[in-house]
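Topology and contacts: notes
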Amino acid sequence: MCTGSPSSNGSQSEEGSSASDPQPQQEEAQEAEQQLRTPTHHVHAVVPAATSEEILAEYGSNLKLLECNSQVAELLTILRDKNTTRSDFKFYADRLIRLVIEESLNQLPYTHCDVETPTGAIYEGLKYRSGNCGVSIIRSGEAMEQGLRDCCRSIRIGKILVESDANTHEARVVYARFPDDIGSRQVLLMYPIMSTGNTVLQAVNVLREHGVPESCIILSNLFCTPMAARTVVNAFPKLKILTSELHPVAPNHFGQKYFGTD
């Protein structure tokens with residue numbers, strides 16, 4: 001932007017301003033100072049990193065991204081801010097978890113049903129099919145359990161513990177506890193952070209070993225890297241994934257900050 005004071009014939013440029021006239025320099029200094037005070041805005045914090053068409057082409061129809069409106073963008077920003085206090089972090093994390101869980105429930109199968117209203121009218125509605133349950137991947141996945149219980153009052157929740165081998169650094173399952181009839185249920189697998197996808201791969205393998213079809217698993221996730229998304233989608237193309245963000249950098253501090261162990 002040109003900040004020099006133009007001459008009467010409009011031909012004077014910024015570089016042509018007279019040194020004896022301090023006004024242009026003062027204005028220039030004031031503008032430079034204002035620019036230093038003005039924070040830099042990154043549009044990718046508000047706009048999703050990929051469009052729905054790009055996600056469909058890259059990952060297929062079973063990966064769904066939570067609609068990134070201003071509310072979701074603010075929640076993502078607060079959770080990534082290193083200055084966010086632990087109490088605020090937990091509060092806003094619970095809000096984002098609730099949004100993701102609600103949208104994950106939309107992926108469950110349902111049936112049509114008719115109910116009679118208090119006035120005697122018949123209302124044609126919907127209801128979820130019976131036999132849903134949740135499974136959290138310990139420990140960070142446990143942060144999402146209350147959000148699921150808030151939406152589904154009496155839902156049963158299993159647990160999986162996946163640890164990294166000290167020598168090989170490969171993920172391995174060391175504990176799993178599920179409802180006895182999990183093989184006949186729709187499963188909401190809860191894990192907030194996916195950096196590589198290896199933990200989820202092991203968890204899904206255990207669920208399949210217990211008779212859960214791949215197509216009956218819905219992964220509820222908050223933050224996912226493109227690499228992790230590709231890893232999981234390529235390994236389990238029938239698995240449904242619901243996440244709030246695809247971003248190269250995952251906030252791996254989530255579990256420690258949420259539970260206050262950072």
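Residues numbered from 1 in each chain as written. Predicted model: local features only at pLDDT ≥ 70, side-chain atom pairs only at ≥ 80, totals over all residues. Heavy atoms only, no water.

Description of unusual backbone geometry
With an omega of 5°, the peptide bond between I138 and R139 qualifies as cis. Along the chain, the position of R139 falls in the loop between β4 (132–138) and α5 (145–151). (Helix = DSSP H or I, 4+ residues; strand = E, 2+ residues; numbered from the N terminus.)

Some points on the environment of R156
Mapping R156 onto the fold places it in strand β5 (residues 156–164). Along the primary structure R156 and V135 are separated by 21 residues, whereas in three dimensions their C-alpha atoms are 8.5 Å apart. Setting aside residues up to four positions removed in sequence, R156 forms contacts with C133, G134, P179, D181 and R185. (Contact = heavy atoms within 4.5 Å.)

Regarding the packing of helix α3 (residues 70–80) against helix α4 (residues 86–105)
Following both chains from N to C, one finds α3 and α4 inclined at 140°, their axes separated by 9 Å at the closest point. In terms of orientation, α3 lies oblique with respect to α4. You can see that α3 and α4 cross each other, and the crossing is left-handed. Contact residues: Q71, V72, L75, L76, I78 and L79 in α3; F89, Y92, A93, R95, L96 and L99 in α4. Looking at the contact of α3 with α4, its residues break down into 10 nonpolar, one polar and one charged. (Axes fitted to C-alpha atoms, helices over the stretch in contact; angles between N-to-C directions. Parallel < 35°, antiparallel > 145°, perpendicular 65-115°, else oblique. Left-handed = near helix turned anticlockwise from the far one by under 90°. Nonpolar A, V, L, I, M, F, W, Y, C, P; charged D, E, K, R; others polar.)

Some thoughts on the pattern of salt bridges
Close approach of charged atoms lets side chains of opposite charge pair. For the structure on display, the rule yields eight salt bridges. With a closest N to O distance of 2.9 Å, R98 and E102 form a salt bridge. You can see R98 and its partner E102 sitting in helix α4, four residues apart, about one turn around the helix. Owing to a relative accessible area of 35%, E102 belongs among the partly exposed residues under this scheme. (Salt bridge = Lys/Arg side-chain N within 4 Å of Asp/Glu carboxyl O. Buried < 20%, exposed > 50% of the residue type's maximum accessible area, 1.4 Å probe, protein only.)

Some words on the pairing of β5
Working note: regular strand, side chains alternate between the two faces of the sheet. Where β4 meets β5, six bridges bridge the pair, whose relative direction is parallel. Within β5, the position partnered with C133 by the bridge is R156. In this structure, β5 lies alongside strand β6 (residues 171–177), joined through six bridges in antiparallel fashion. For I160, the partnering residue across the bridge sits in β6 and is A176. (Pairing = 2+ DSSP bridges.)

Some remarks on the nonpolar core
In terms of nonpolar packing, the biggest core is built from 34 residues, with L63, V135, I182, L189, M194, V200 and L207 touching the most fellow members. At the level of elements, α2 (52–59), β4, β5, β7 (186–190), α6 (198–209), β9 (217–220) and α7 (226–235) are the ones that each hand at least two residues to this core. In terms of residue count, the dominant contributor to this core is α6 (six residues). Counting residues in hydrophobic clusters, the runner-up holds 29 residues, among them L76, L188, I218 and F254. (Core = buried A, V, L, I, M, F, W, Y, C linked by side-chain atoms within 4.5 Å.)

Topic: the side chain of S104
Relative to the assigned elements, S104 resides in helix α4. Discounting chain neighbours no more than four positions away, the residues touching S104 are L188, I218, S220 and L242.

Comments concerning the side chain of S136
Position of S136 among the secondary structure elements: in strand β4. There is a polar contact of 2.6 Å between the side chain of S136 and the side chain of E145. Those residues in contact with S136, other than ones at most four positions away along the chain, are G141, E142, E145, I157, G158, K159, I160 and M190. (Polar contact = N/O pair within 3.5 Å; in protein donor to acceptor, adjacent residues only side chain to side chain.)

Description of the pairing of strand β2 (residues 110–116)
With seven bridges joining them, β2 and strand β3 (residues 122–128) adopt antiparallel strand pairing. Bridge pairing in β3 places Y110 opposite Y128. Here β2 folds back onto β3, and the loop between the two strands holds five residues, one of which, G120, carries a positive phi near 90°.

What to know about the sheet that holds strand β12 (residues 245–246)
Across the sheet, three strands lie side by side as β8-β10-β12; this open sheet has parallel pairing. Each edge of the open sheet carries a strand with a single partner, namely β8 (193–194) and β12. Sheet analysis places strand β10 (residues 223–224) next to β12, joined by two bridges and oriented parallel. Bridging from a neighbouring strand, C224 pairs with L246 of β12.

Some thoughts on the sheet that holds β4
Strand order in the open sheet formed by seven strands is β1-β11-β9-β7-β4-β5-β6, and the pairing between neighbours is mixed. On the outer flanks of this sheet lie β1 (63–65) and β6, each paired with one strand and no other. Shown here is a sheet whose adjacent strand axes are inclined to one another by a mean of 20°, direction ignored. Where β4 and β7 come together, five bridges link them in parallel fashion. When the bridges of β7 are listed, V135 appears paired with L189. On the sheet, α4 packs against β7, β9 and β11 (240–243) and is oriented at approximately 160° with respect to β9. Against the sheet, α6 contacts β4, β5, β6, β7 and β9, and its axis sits at roughly 45° relative to β6.

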